[in-house]
Amino acid sequence: MIAIDTNVLLRYLLADDEVQSFKAEKLLNGQETVLVTDVVLVETIWTLKGKKYQLSSTDLVAVIQSLFKEPNIRFENGQVVWLALNDYRNARPIRGGKLADFSDALIVNKARYTTTNLSVELAGVYTFDIAAQQCRE
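Before going into details, it helps to say that this report is about the structure given with it. (Residues numbered from 1 in each chain as written. Predicted model: local features only at pLDDT ≥ 70, side-chain atom pairs only at ≥ 80, totals over all residues. Heavy atoms only, no water.)

**Some thoughts on the nonpolar core**
Generally speaking, nonpolar side chains in soluble globular proteins are found buried as a group. Counting 28 residues, the largest nonpolar core has Val36, Leu41 and Phe102 as the members making the most contacts within it. For this core, the elements supplying multiple residues, two or more each, are helix 1 (6-14), helix 2 (18-28), strand 2 (34-36), helix 3 (38-49), helix 4 (57-69), strand 3 (73-75), helix 5 (78-89) and helix 6 (102-117). Leave out the neighbours within four places in its chain, and Leu41 touches Val36, Ile64, Leu67, Phe75, Val81 and Phe102. (Core = buried A, V, L, I, M, F, W, Y, C linked by side-chain atoms within 4.5 Å. Buried < 20%, exposed > 50% of the residue type's maximum accessible area, 1.4 Å probe, protein only. Helix = DSSP H or I, 4+ residues; strand = E, 2+ residues; numbered from the N terminus. Contact = heavy atoms within 4.5 Å.)

Put into structure tokens, the structure is as follows:
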């Protein structure tokens, strides 16, 4: 297994640099299983939704779903990423139209998963982000 950095995943997804995108594609379609950590996934989503690329929530969901279909890609915890993706996809806007981010959904689902594995009760996920609070339920 190899792990990749955010810039490798972005070059693969965007194909925006001929040399680096070719190398990224070769890595992701090569013989090794490719680990995409939570940090890499979140940084990728932040970049894609940022000023330069401005992908919509629907587009971001499609990106994550496409990564699940890649035969060589493994997530740090695919089940948690899938649950977070579903929470993100089902998020409803709060006042002003703000939605919970994918990272918010991942934080909540990672907390649930971790506390379950530690056999302790999750007493709550505390945040000042009102949109993120909808991921708690």
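**A word on the environment of Gln65**
By the secondary structure assignment, Gln65 is in helix 4. Classification of Gln65 as partly exposed rests on a relative accessible area of 26%. On a C-alpha basis, the gap between Gln65 and Trp82 in space is 8.6 Å, while along the polypeptide they are 17 residues apart. Here Gln65 is in contact with Leu85 and Arg89, once residues within four sequence places are set aside.

**Description of helix 2**
Within the span of helix 2, buried status applies to Ser21, Ala24 and Leu28. Each buried residue of helix 2 lies within a common arc of 60 degrees when the element is viewed along its axis, so the set occupies one face. Away from the buried face of helix 2 by more than 90 degrees, exposed residues Glu18, Val19, Phe22, Lys23 and Lys26 are located. In this structure, the buried side of helix 2 is in contact with helix 1, strand 2 and strand 3. (Arc of directions from axis to C-beta.)

**Some remarks on the sheet that holds strand 1 (residues 2-3)**
Ordered in space as 1-2-3, the three strands form an open sheet in which the pairing is parallel. The open sheet terminates on both sides in strands that have one partner only, identified here as strand 1 and strand 3. In this sheet, strand 2 lies alongside strand 1 in parallel orientation, the contact comprising two bridges. Residue pairing in the sheet places Ala3 in a bridge with Leu35 of strand 2. (Pairing = 2+ DSSP bridges.)

**So, the side chain of Asn109**
Of note, Asn109 is situated in helix 6. Exposure remark for Asn109: the relative accessible area of 4% places this residue in the buried category. Ignoring any residue separated from it by four or fewer positions in sequence, one finds Asn109 in contact with Val80, Leu83, Ala84 and Asp87.

**Describing the pattern of salt bridges**
In total, this model carries five salt bridges according to the counting rule given. Asp101 is paired through a salt bridge with Lys49; the nearest N and O atoms lie 2.3 Å apart. Linking Asp101 in the loop between helix 5 and helix 6 with Lys49 in helix 3, this pair joins segments that are 52 residues apart in sequence. Across the salt bridge formed by Asp87 and Arg112, the nearest N and O atoms sit 3.7 Å from each other. Of this pair, Asp87 sits in helix 5 while Arg112 sits in helix 6, placing them 25 residues apart in sequence. Judged by relative accessible area, Asp87 falls into the partly exposed class, the value being 24%. A single salt-bridge network, built from bridges that share partners, covers Asp38, Glu76 and Lys110. (Salt bridge = Lys/Arg side-chain N within 4 Å of Asp/Glu carboxyl O.)

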